[in-house]
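Here is how the chains run, residue by residue.
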Amino acid sequence: MSSILITGANGQVGFELQRSLASLGSVAAVTRAEMDLAREANILSVLNEHKPKIIVNPAAYTAVDRAEGDAEQAMAVNAAAPGIIARWAADNGALLVHYSTDYVFDGTKAEPYVETDAVNPQSTYGESKWLGEEAIRASGSPHVILRTSWVYGHHGSNFLKTILRLAQERETLNIVADQIGAPTSAALIADVTRTIVEHVAGSQASGTVSGTYHLAAQGSTSWHGYATHIVRRASEANFKLALASDALKPISTAEYPTPAKRPANSRLDCTKLAERFDIALPAWQAGVDDVVARLKPATN
């Protein structure tokens, strides 16, 4: 099929994309050391070397709290770089698949967010990701922007792996219970990306699918509910835990202040994605259960 370039190869989503896209064509996966998104000349050099027909860009500045004191770097990677990549894609007839976040919203809506809801990012990270989206749209390149949330996987650092580690070390944990979202696995994101790429390749009309789509697992929970589920599954899988699932104390966001403000409601309505690409998204628990099972040998 087409030549595919994946950025952020060492990240959670980048790691899974190498698996999911491997059979679709000639795939090159580059790390930050090979393609530094803070350096325009480096970005263009890599693109001109590989000349991909499909660019899949999960690379991002994802240290949400650190971004509050490192805005210049966050903006370079999350806002400026996607525009550079998109303009190259427009000039070279390539499709860009890019990933954004629920942090573009302020989290005050009572219902799940749809793609057309007004954005109002409350953090440097959220603002940088929104500006990256806008730069892609302004480029005129064929593109698919996938907003997702609460990403985890068996590769890399994330909330799920942190909870598993702490559950083996501590007898009690305080977990925020008034932020709601859907834990979404990197594997699911990668598999949906494959479906989209296959669709575009089959239709030979990438421009007809250009747009922004929400991608998250079905259902919702709080961070406290998420952590409780992790610990229960780990206990059932005979992890050696110091923590019981009923020893997780629910606390409010106010009781756990962070430099960056988090959305209270991170729920994303994925109807547009499901209907446009004929995708059935699984319940959030399924992916969590799979990753807990896969991590058991490494944590016992």
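About the thresholds
- Residues numbered from 1 in each chain as written.
- Predicted model: local features only at pLDDT ≥ 70, side-chain atom pairs only at ≥ 80, totals over all residues.
- Heavy atoms only, no water.
- Helix = DSSP H or I, 4+ residues; strand = E, 2+ residues; numbered from the N terminus.
- Rg over C-alpha atoms; globule rule 2.2 N^0.38 Å.
- Buried < 20%, exposed > 50% of the residue type's maximum accessible area, 1.4 Å probe, protein only.
- Contact = heavy atoms within 4.5 Å.
- Areas by Shrake-Rupley, 256 points an atom, 1.4 Å probe, with all protein chains shown as cover.
- Lys, Arg positive; Asp, Glu negative; His and termini not counted.
- Charge placed at Lys NZ, Arg CZ, Asp CG, Glu CD.
- Salt bridge = Lys/Arg side-chain N within 4 Å of Asp/Glu carboxyl O.
- Phe/Tyr/Trp six-rings, centres within 6.5 Å; stacked < 30°, edge-to-face > 60°.
- Lys NZ or Arg CZ within 6 Å of the ring centre and 35° of its normal.
- Core = buried A, V, L, I, M, F, W, Y, C linked by side-chain atoms within 4.5 Å.

Thoughts on the overall build of the protein chain
Counting its regular elements, the protein chain contains nine helices and twelve strands. Against the 2.2 N^0.38 benchmark of 19 Å for 300 residues, the protein chain shows a C-alpha radius of gyration of 19 Å, consistent with a compact globule. Taken along the three principal axes of its C-alpha coordinates, the protein chain extends 55 × 40 × 35 Å. By the burial criterion, 51% of the 300 residues in the protein chain qualify as buried. Long-range pairs, those at least 24 residues apart, make up 80% of the contacts in the protein chain with a sequence separation of at least 6. A total of about 12800 Å² of accessible surface is found on the protein chain, and carbon and sulfur atoms cover 48% of it. Of note, the protein chain has its 26 positive side-chain charges centred 4 Å away from the centre of its 31 negative side-chain charges.

Some words on the environment of Gly 202
Tracing the chain through its elements places Gly 202 in helix H6 (residues 186-203). Through-space distance from the C-alpha of Gly 202 to that of Arg 165 is 44 Å; in sequence the pair is 37 residues apart.

Focus on the pattern of salt bridges
Applying the stated criterion to the full structure yields eleven salt bridges. Between Arg 147 and Glu 133 there is a salt bridge; the shortest N-O distance is 2.9 Å. A residue pair is termed long-range when its members are at least 10 positions apart, and Arg 147 in strand S5 (residues 143-148) and Glu 133 in helix H4 (residues 124-139) qualify at 14 residues. Owing to a relative accessible area of 1%, Arg 147 belongs among the buried residues under this scheme. A residue is classified by how much of its surface remains accessible, and Glu 133, at 0% relative accessible area, is buried. Residue Arg 233 pairs with Asp 289 through a salt bridge whose shortest N-O separation is 3.1 Å.

Remarks on the packing of aromatic side chains
Applying the stated criterion across every chain yields a total of ten aromatic pairs. One aromatic cluster in this structure is built from Trp 150, Tyr 152, Phe 159, Trp 223, Tyr 226 and Trp 284. Cation over ring: Lys 272 sits above Tyr 213, and NZ or CZ is 4.6 Å from the ring centre. A cation over an aromatic ring shows up here: Arg 276 above the ring of Phe 277, its NZ or CZ 5.7 Å from the ring centre.

Digging into the environment of Ile 189
Here Ile 189 is to be found in helix H6. Look past the residues within four positions of Ile 189 in its chain and what remains in contact with it is Val 13, Tyr 99, Thr 148, Val 151, Thr 184 and Leu 215.

Comments concerning unusual backbone geometry
The backbone phi angle of Trp 150 is positive, close to 50°, even though this residue is not glycine. The residue Trp 150 is located in the loop between S5 and strand S6 (151-152) in this model. The phi dihedral of Asn 238 falls on the positive side, at around 65°, and the residue is not glycine. The exposure class assigned to Asn 238 is exposed, which follows from its relative accessible area of 57%.

Here's the deal with the environment of Ser 100
Relative to the helices and strands, Ser 100 resides in strand S4 (residues 95-101). When its relative accessible area of 5% is taken as the criterion, Ser 100 is described as buried. Along the chain, Ser 100 and Asn 48 lie 52 residues apart, while their C-alpha atoms are 25 Å from each other. In this view, Ser 100 contacts Lys 129, Glu 133, Ile 145, Leu 146, Arg 147 and Thr 148; residues no more than four positions away in its chain are not counted.

Looking at the nonpolar core
Counting residues in hydrophobic clusters, the biggest one holds 58 residues, and the most contacted among them are Val 56, Leu 146, Leu 160, Tyr 226 and Leu 273. Ranked by the residues each element gives to this core, the list is headed by H6, at eight residues. Beyond its immediate sequence surroundings of up to four residues, Val 56 is in contact with Ile 4, Leu 5, Ile 6, Thr 7, Leu 17, Leu 21, Val 97, Tyr 99 and Thr 193. Counting residues in each nonpolar core, the second largest holds 28 residues, with Ile 43, Ala 67, Ala 89 and Tyr 125 among its members.

These figures capture arrangement, not role.
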